[in-house]
Amino acid sequence: MYRILEILRREQGFLSGEDVGKQLDISRAAVWKGIKKLREEGYEIEAVTNKGYRLILHDTMYNEKEISQGLLTKKIGRPIYFYKETDTTNGRLRDLALEGSPEGTIAVAEQMTAGRGRRGRPWEAPAGTGVWMSILLRPSILPSEASILTLLAGLAVCQALEEDTGMNPQIKWPNDILLNGKKLVGILTEMHCEMQETHFLIVGIGINVNTTEFPEGLRDVATSLYIESGRTFSRKNILQRVLLNFEKLYDELMKAHCSFKPFLSRYKEKCITIHQDVKVLGKETFYAHAQDITEDGELVVIRKDTGKREVVFSGEVSIRGGK
Ligand code: ADP
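As the structure is a computational prediction, the values presented were derived from the model and not from experiment.

Core analysis: the largest hydrophobic core is formed by 65 residues, its most contacted members being Leu149, Ile205, Ile207 and Phe246. Among the elements that make up this core, the one with the highest residue count is helix H6 (residues 148–165) (11 residues). Viewed by domain, this core spans two of them, domain 2 (64–269) and domain 3 (274–319), each represented by three or more residues. With near-sequence residues (within four places) excluded, Phe246 lies in contact with Ile76, Ile135, Leu137, Leu149, Leu152, Ala153 and Ala156.

The structure is reproduced here in C-alpha coordinates:
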(Lines give C-alpha, C1' and ligand atoms only; values in the text may rest on other atoms or scores of the structure.)
Protein backbone atom coordinates (compact mmCIF):
# COMPACT_ATOMS: atom_id res chain seq x y z
CA MET A 1 0.00 0.00 0.00
CA TYR A 2 2.83 2.41 0.81
CA ARG A 3 4.44 1.58 -2.51
CA ILE A 4 1.29 2.95 -4.15
CA LEU A 5 1.66 6.06 -2.04
CA GLU A 6 5.26 6.51 -3.19
CA ILE A 7 4.28 6.21 -6.83
CA LEU A 8 1.50 8.77 -6.50
CA ARG A 9 3.77 11.08 -4.57
CA ARG A 10 6.44 10.91 -7.27
CA GLU A 11 3.91 11.47 -10.05
CA GLN A 12 2.21 14.43 -8.36
CA GLY A 13 -0.46 14.48 -11.11
CA PHE A 14 -2.99 11.83 -12.14
CA LEU A 15 -1.99 8.25 -12.77
CA SER A 16 -4.33 5.51 -13.92
CA GLY A 17 -4.96 2.43 -11.82
CA GLU A 18 -3.56 0.39 -14.65
CA ASP A 19 -0.28 2.31 -14.70
CA VAL A 20 0.12 2.04 -10.95
CA GLY A 21 -0.66 -1.67 -11.20
CA LYS A 22 1.93 -2.17 -13.95
CA GLN A 23 4.66 -0.47 -11.97
CA LEU A 24 4.02 -2.72 -9.01
CA ASP A 25 3.01 -5.80 -10.95
CA ILE A 26 -0.36 -6.01 -9.23
CA SER A 27 -3.97 -5.95 -10.48
CA ARG A 28 -6.15 -2.86 -10.75
CA ALA A 29 -8.36 -4.32 -8.05
CA ALA A 30 -5.34 -4.56 -5.75
CA VAL A 31 -4.47 -0.94 -6.51
CA TRP A 32 -8.01 0.07 -5.61
CA LYS A 33 -7.80 -1.86 -2.35
CA GLY A 34 -4.54 -0.11 -1.48
CA ILE A 35 -6.04 3.29 -2.27
CA LYS A 36 -8.96 2.51 0.02
CA LYS A 37 -6.58 1.63 2.85
CA LEU A 38 -4.55 4.81 2.34
CA ARG A 39 -7.75 6.84 2.48
CA GLU A 40 -8.68 5.13 5.71
CA GLU A 41 -5.35 6.29 7.11
CA GLY A 42 -6.29 9.85 6.22
CA TYR A 43 -4.58 10.36 2.87
CA GLU A 44 -6.68 12.37 0.46
CA ILE A 45 -6.61 10.66 -2.92
CA GLU A 46 -8.72 11.97 -5.74
CA ALA A 47 -10.19 9.46 -8.23
CA VAL A 48 -11.38 10.80 -11.57
CA THR A 49 -12.82 8.66 -14.40
CA ASN A 50 -10.47 8.40 -17.37
CA LYS A 51 -7.68 10.14 -15.48
CA GLY A 52 -6.99 7.92 -12.51
CA TYR A 53 -5.71 8.73 -9.06
CA ARG A 54 -4.00 11.77 -7.65
CA LEU A 55 -2.57 12.27 -4.19
CA ILE A 56 -3.50 15.56 -2.61
CA LEU A 57 -0.52 16.64 -0.59
CA HIS A 58 -0.96 18.69 2.46
CA ASP A 59 0.87 19.23 5.63
CA THR A 60 -1.80 18.02 7.97
CA MET A 61 -0.72 14.43 7.42
CA TYR A 62 1.27 13.48 10.46
CA ASN A 63 2.30 9.89 10.92
CA GLU A 64 5.35 7.64 10.93
CA LYS A 65 5.52 7.48 7.15
CA GLU A 66 5.25 11.25 6.66
CA ILE A 67 7.80 12.00 9.33
CA SER A 68 10.39 9.64 7.88
CA GLN A 69 9.80 11.01 4.37
CA GLY A 70 12.49 13.62 3.77
CA LEU A 71 14.09 13.20 7.19
CA LEU A 72 17.75 14.07 6.73
CA THR A 73 19.20 12.56 9.90
CA LYS A 74 21.42 9.49 10.01
CA LYS A 75 20.56 8.10 13.40
CA ILE A 76 18.13 10.29 15.32
CA GLY A 77 14.56 9.41 14.32
CA ARG A 78 15.43 5.91 13.14
CA PRO A 79 13.20 4.09 13.76
CA ILE A 80 10.03 6.05 14.51
CA TYR A 81 7.18 4.72 16.65
CA PHE A 82 4.03 6.72 16.06
CA TYR A 83 1.01 6.60 18.38
CA LYS A 84 -2.37 8.14 17.62
CA GLU A 85 -2.95 8.28 21.34
CA THR A 86 -0.77 7.22 24.25
CA ASP A 87 -0.24 8.12 27.90
CA THR A 88 3.28 9.56 27.47
CA THR A 89 5.89 9.18 24.73
CA ASN A 90 8.61 9.03 27.41
CA GLY A 91 6.84 5.98 28.87
CA ARG A 92 6.47 4.25 25.51
CA LEU A 93 10.09 4.85 24.68
CA ARG A 94 11.23 3.59 28.06
CA ASP A 95 9.54 0.26 27.32
CA LEU A 96 11.16 0.17 23.88
CA ALA A 97 14.55 0.99 25.40
CA LEU A 98 14.21 -1.85 27.91
CA GLU A 99 13.44 -4.17 25.00
CA GLY A 100 16.73 -3.10 23.40
CA SER A 101 15.73 -0.41 20.89
CA PRO A 102 18.76 1.39 19.46
CA GLU A 103 19.95 4.90 20.12
CA GLY A 104 18.05 7.38 17.98
CA THR A 105 14.68 5.60 18.25
CA ILE A 106 11.89 8.12 18.71
CA ALA A 107 8.33 7.91 19.95
CA VAL A 108 5.84 10.45 18.60
CA ALA A 109 2.21 10.88 19.58
CA GLU A 110 -0.68 12.70 18.00
CA GLN A 111 -2.09 13.03 21.48
CA MET A 112 -0.85 12.26 25.01
CA THR A 113 -3.42 11.50 27.64
CA ALA A 114 -1.10 11.72 30.65
CA GLY A 115 1.73 14.02 29.53
CA ARG A 116 3.86 15.25 32.38
CA GLY A 117 6.53 17.75 33.27
CA ARG A 118 9.01 17.53 36.08
CA ARG A 119 7.90 16.19 39.45
CA GLY A 120 4.84 14.68 37.83
CA ARG A 121 3.24 17.99 36.92
CA PRO A 122 0.75 17.57 34.08
CA TRP A 123 1.59 18.51 30.49
CA GLU A 124 -1.32 19.34 28.19
CA ALA A 125 -0.90 17.52 24.88
CA PRO A 126 -4.16 17.41 22.91
CA ALA A 127 -4.49 15.97 19.40
CA GLY A 128 -3.52 17.97 16.36
CA THR A 129 -1.90 20.87 18.17
CA GLY A 130 1.70 20.09 18.89
CA VAL A 131 4.81 17.99 18.53
CA TRP A 132 4.92 15.49 21.38
CA MET A 133 7.93 13.25 21.08
CA SER A 134 10.78 11.50 22.88
CA ILE A 135 14.28 10.60 21.74
CA LEU A 136 16.22 7.57 23.02
CA LEU A 137 19.94 8.06 23.66
CA ARG A 138 22.60 5.67 24.88
CA PRO A 139 25.63 7.87 25.49
CA SER A 140 28.62 6.97 27.64
CA ILE A 141 27.95 9.69 30.13
CA LEU A 142 27.97 9.79 33.91
CA PRO A 143 24.50 10.10 35.45
CA SER A 144 25.70 13.32 37.08
CA GLU A 145 26.42 14.82 33.65
CA ALA A 146 23.20 13.73 32.00
CA SER A 147 21.35 17.00 32.50
CA ILE A 148 23.58 18.44 29.75
CA LEU A 149 21.26 16.64 27.33
CA THR A 150 18.36 18.78 28.50
CA LEU A 151 20.36 21.92 27.74
CA LEU A 152 21.43 20.55 24.39
CA ALA A 153 17.85 19.65 23.46
CA GLY A 154 16.76 23.18 24.41
CA LEU A 155 19.38 24.64 22.11
CA ALA A 156 18.44 22.30 19.25
CA VAL A 157 14.73 23.12 19.54
CA CYS A 158 15.45 26.83 19.75
CA GLN A 159 17.60 26.74 16.62
CA ALA A 160 15.07 24.59 14.76
CA LEU A 161 12.17 26.90 15.57
CA GLU A 162 14.18 29.93 14.56
CA GLU A 163 15.04 28.34 11.22
CA ASP A 164 11.54 27.08 10.55
CA THR A 165 9.43 30.00 11.74
CA GLY A 166 11.70 33.03 11.75
CA MET A 167 10.63 33.71 15.32
CA ASN A 168 12.99 34.20 18.20
CA PRO A 169 12.29 31.82 21.07
CA GLN A 170 14.47 31.90 24.18
CA ILE A 171 15.56 29.38 26.75
CA LYS A 172 14.58 29.59 30.38
CA TRP A 173 17.29 27.61 32.13
CA PRO A 174 17.30 24.68 32.25
CA ASN A 175 14.35 23.11 30.47
CA ASP A 176 11.78 25.49 29.03
CA ILE A 177 11.58 27.51 25.85
CA LEU A 178 9.62 30.72 25.95
CA LEU A 179 8.21 32.97 23.29
CA ASN A 180 7.30 36.50 24.35
CA GLY A 181 7.63 35.43 27.98
CA LYS A 182 5.28 32.44 27.77
CA LYS A 183 6.06 28.75 27.67
CA LEU A 184 6.19 27.36 24.15
CA VAL A 185 8.19 24.18 24.74
CA GLY A 186 8.78 21.87 27.67
CA ILE A 187 11.64 19.38 27.88
CA LEU A 188 11.73 16.45 30.26
CA THR A 189 14.84 14.26 30.40
CA GLU A 190 14.59 10.96 32.22
CA MET A 191 17.35 8.45 32.74
CA HIS A 192 17.80 4.84 33.55
CA CYS A 193 21.03 4.37 35.43
CA GLU A 194 23.03 2.77 38.20
CA MET A 195 25.51 4.52 40.47
CA GLN A 196 28.19 5.31 37.87
CA GLU A 197 26.56 4.06 34.69
CA THR A 198 23.88 5.52 32.48
CA HIS A 199 21.96 2.77 30.66
CA PHE A 200 19.90 5.13 28.59
CA LEU A 201 18.40 8.58 28.50
CA ILE A 202 15.06 9.71 27.19
CA VAL A 203 14.65 13.30 26.11
CA GLY A 204 10.98 14.25 25.92
CA ILE A 205 10.09 17.37 23.96
CA GLY A 206 6.68 19.03 23.80
CA ILE A 207 6.19 21.94 21.39
CA ASN A 208 2.94 23.90 21.20
CA VAL A 209 2.57 24.46 17.47
CA ASN A 210 -0.99 25.11 16.30
CA THR A 211 -2.77 25.37 19.67
CA THR A 212 -5.49 27.97 19.35
CA GLU A 213 -6.50 28.13 22.99
CA PHE A 214 -5.19 26.77 26.30
CA PRO A 215 -7.33 25.67 29.23
CA GLU A 216 -8.08 28.20 31.94
CA GLY A 217 -5.09 27.68 34.25
CA LEU A 218 -2.53 27.75 31.44
CA ARG A 219 -3.73 30.71 29.44
CA ASP A 220 -1.45 33.22 31.16
CA VAL A 221 1.68 31.07 31.12
CA ALA A 222 1.56 29.03 27.92
CA THR A 223 1.66 29.95 24.25
CA SER A 224 1.92 28.39 20.81
CA LEU A 225 3.51 29.35 17.49
CA TYR A 226 0.00 29.93 16.17
CA ILE A 227 -1.00 32.22 19.03
CA GLU A 228 2.14 34.31 18.62
CA SER A 229 2.05 34.59 14.84
CA GLY A 230 -1.49 33.89 13.61
CA ARG A 231 -0.01 31.26 11.28
CA THR A 232 -0.24 27.51 11.36
CA PHE A 233 2.89 25.44 10.90
CA SER A 234 3.62 21.93 9.69
CA ARG A 235 4.35 19.75 12.71
CA LYS A 236 6.20 17.35 10.46
CA ASN A 237 8.61 20.03 9.26
CA ILE A 238 9.23 21.25 12.77
CA LEU A 239 9.80 17.75 14.08
CA GLN A 240 12.23 16.91 11.27
CA ARG A 241 14.18 20.09 11.83
CA VAL A 242 14.39 19.52 15.56
CA LEU A 243 15.77 16.03 14.95
CA LEU A 244 18.33 17.33 12.46
CA ASN A 245 19.52 20.10 14.76
CA PHE A 246 19.61 17.73 17.70
CA GLU A 247 21.65 15.17 15.80
CA LYS A 248 24.26 17.75 14.82
CA LEU A 249 24.62 18.97 18.40
CA TYR A 250 24.61 15.45 19.81
CA ASP A 251 27.39 14.36 17.44
CA GLU A 252 29.34 17.41 18.49
CA LEU A 253 28.78 16.57 22.16
CA MET A 254 30.03 13.02 21.66
CA LYS A 255 33.14 14.32 19.86
CA ALA A 256 33.73 16.70 22.77
CA HIS A 257 33.54 13.74 25.21
CA CYS A 258 30.32 15.09 26.70
CA SER A 259 31.77 18.46 27.58
CA PHE A 260 29.27 21.33 27.55
CA LYS A 261 32.04 23.88 26.97
CA PRO A 262 31.76 24.09 23.16
CA PHE A 263 28.04 24.93 23.49
CA LEU A 264 28.28 27.47 26.27
CA SER A 265 28.35 30.67 24.24
CA ARG A 266 25.56 29.47 21.92
CA TYR A 267 23.44 28.49 24.91
CA LYS A 268 24.06 31.76 26.73
CA GLU A 269 23.08 33.74 23.66
CA LYS A 270 19.62 32.18 23.80
CA CYS A 271 19.21 32.01 27.55
CA ILE A 272 17.08 34.69 29.19
CA THR A 273 17.63 33.56 32.78
CA ILE A 274 21.00 35.27 33.21
CA HIS A 275 20.76 38.68 34.94
CA GLN A 276 17.24 37.91 36.13
CA ASP A 277 15.87 37.63 39.62
CA VAL A 278 14.84 34.04 40.19
CA LYS A 279 13.25 31.84 42.78
CA VAL A 280 15.16 28.61 43.23
CA LEU A 281 12.99 25.67 44.18
CA GLY A 282 15.26 22.85 45.26
CA LYS A 283 15.93 21.09 48.57
CA GLU A 284 15.69 24.60 49.87
CA THR A 285 13.71 27.47 48.36
CA PHE A 286 15.40 30.87 48.08
CA TYR A 287 15.44 34.06 46.02
CA ALA A 288 18.51 34.96 44.04
CA HIS A 289 19.99 36.90 41.16
CA ALA A 290 21.11 34.71 38.26
CA GLN A 291 24.61 35.70 37.28
CA ASP A 292 26.06 33.23 34.83
CA ILE A 293 26.15 29.68 33.49
CA THR A 294 29.20 27.52 34.13
CA GLU A 295 31.10 25.41 31.63
CA ASP A 296 29.18 22.43 32.97
CA GLY A 297 25.84 24.08 32.30
CA GLU A 298 25.02 24.94 35.90
CA LEU A 299 23.45 28.22 36.95
CA VAL A 300 25.49 30.61 39.10
CA VAL A 301 23.32 32.69 41.41
CA ILE A 302 23.84 35.26 44.15
CA ARG A 303 21.49 34.58 47.04
CA LYS A 304 19.36 37.50 48.16
CA ASP A 305 19.36 36.48 51.82
CA THR A 306 23.06 35.79 52.40
CA GLY A 307 24.65 37.56 49.40
CA LYS A 308 26.62 34.38 48.78
CA ARG A 309 27.42 32.86 45.41
CA GLU A 310 25.90 29.47 44.78
CA VAL A 311 25.95 27.01 41.91
CA VAL A 312 22.60 25.43 41.08
CA PHE A 313 22.37 22.04 39.36
CA SER A 314 19.66 21.69 36.79
CA GLY A 315 18.64 18.21 37.87
CA GLU A 316 17.55 19.44 41.26
CA VAL A 317 15.69 22.67 40.83
CA SER A 318 12.98 24.63 39.16
CA ILE A 319 13.44 28.30 38.49
CA ARG A 320 10.61 30.78 38.68
CA GLY A 321 10.93 34.31 37.35
CA GLY A 322 10.35 37.34 39.55
CA LYS A 323 10.87 38.20 43.19
P1 ADP B 1 8.88 23.84 35.07
O2 ADP B 1 10.01 23.56 34.13
O3 ADP B 1 8.38 25.23 34.97
O4 ADP B 1 9.20 23.41 36.45
P5 ADP B 1 7.56 21.51 34.03
O6 ADP B 1 8.67 21.22 33.08
O7 ADP B 1 7.42 20.62 35.19
O8 ADP B 1 7.61 22.99 34.53
O9 ADP B 1 6.22 21.49 33.17
C10 ADP B 1 4.92 21.34 33.76
C11 ADP B 1 4.21 22.66 33.82
O12 ADP B 1 4.07 23.22 32.52
C13 ADP B 1 2.76 22.52 34.31
O14 ADP B 1 2.73 22.66 35.71
C15 ADP B 1 2.01 23.66 33.60
O16 ADP B 1 2.10 24.86 34.33
C17 ADP B 1 2.79 23.87 32.34
N18 ADP B 1 2.16 23.27 31.15
C19 ADP B 1 1.43 22.14 31.03
N20 ADP B 1 1.09 21.89 29.76
C21 ADP B 1 1.64 22.88 29.01
C22 ADP B 1 1.66 23.18 27.62
N23 ADP B 1 1.08 22.40 26.69
N24 ADP B 1 2.33 24.30 27.25
C25 ADP B 1 2.94 25.10 28.14
N26 ADP B 1 2.96 24.86 29.45
C27 ADP B 1 2.31 23.77 29.90
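Having seen the structure, we can now continue with the description.
With that settled, the discussion passes to the side chain of Asn245. Mapped onto the elements, Asn245 comes out in helix H8 (residues 235–255). Here Asn245 falls in the buried class, since its relative accessible area comes to 6%. Beyond its immediate stretch of four places on either side in the chain, Asn245 contacts Ala156, Gln159, Ala160 and Glu163.

The subject of this paragraph is the packing of aromatic side chains. Considering all chains together, one arrives at four aromatic pairs under this definition. Between Phe246 and Tyr250, the ring centres sit 5.8 Å apart and the planes meet at 15°, which makes this aromatic pair stacked. Placement of the pair is Phe246 and Tyr250 together in helix H8, with a separation of four residues, close to one helical turn. The pair Phe246 / Tyr250 is uniform in exposure class, with both members buried. Joined through ring pairs, the aromatic side chains of Phe260, Phe263 and Tyr267 make up one cluster. The residue whose ring lies beneath Arg303 is Phe286, and the NZ or CZ to ring-centre distance is 4.0 Å.

Once that is clear, we can look at the site of the ligand. Around the ligand, the surrounding shell holds 15 residues, and the nearest of these are Arg118, Arg121, Glu124, Lys183 and Asn208. Separating a nitrogen atom of the ligand from a backbone N or O atom of Glu124 is a distance of 2.9 Å. Contact between the ligand and Asp176: an oxygen atom at 3.1 Å from a side-chain N or O atom of the residue. About the coverage of the ligand: the protein hides 89% of its 570 Å² of free accessible area. A molecule is said to occupy a pocket when more than half its atoms come within 2 Å of that pocket's grid points, and by this definition the ligand occupies the largest pocket. A breakdown of the residues in the shell around the ligand according to their chemical character gives five nonpolar, four polar and six charged.

What counts, and where the lines are drawn
- Residues numbered from 1 in each chain as written.
- Predicted model: local features only at pLDDT ≥ 70, side-chain atom pairs only at ≥ 80, totals over all residues.
- Heavy atoms only, no water.
- Core = buried A, V, L, I, M, F, W, Y, C linked by side-chain atoms within 4.5 Å.
- Buried < 20%, exposed > 50% of the residue type's maximum accessible area, 1.4 Å probe, protein only.
- Helix = DSSP H or I, 4+ residues; strand = E, 2+ residues; numbered from the N terminus.
- Domains from an automatic or database assignment.
- Contact = heavy atoms within 4.5 Å.
- Phe/Tyr/Trp six-rings, centres within 6.5 Å; stacked < 30°, edge-to-face > 60°.
- Lys NZ or Arg CZ within 6 Å of the ring centre and 35° of its normal.
- Near = heavy atom within 4 Å.
- Polar contact = N/O pair within 3.5 Å; in protein donor to acceptor, adjacent residues only side chain to side chain.
- Areas by Shrake-Rupley, 256 points an atom, 1.4 Å probe, with all protein chains shown as cover.
- 1 Å grid on protein atoms, 1.4 Å probe; cavity = no way out; pocket = protein on both sides within 12 Å on 5 of 7 lines; lining within 4 Å.
- Sits in = over half its atoms within 2 Å of the grid points.
- Nonpolar A, V, L, I, M, F, W, Y, C, P; charged D, E, K, R; others polar.

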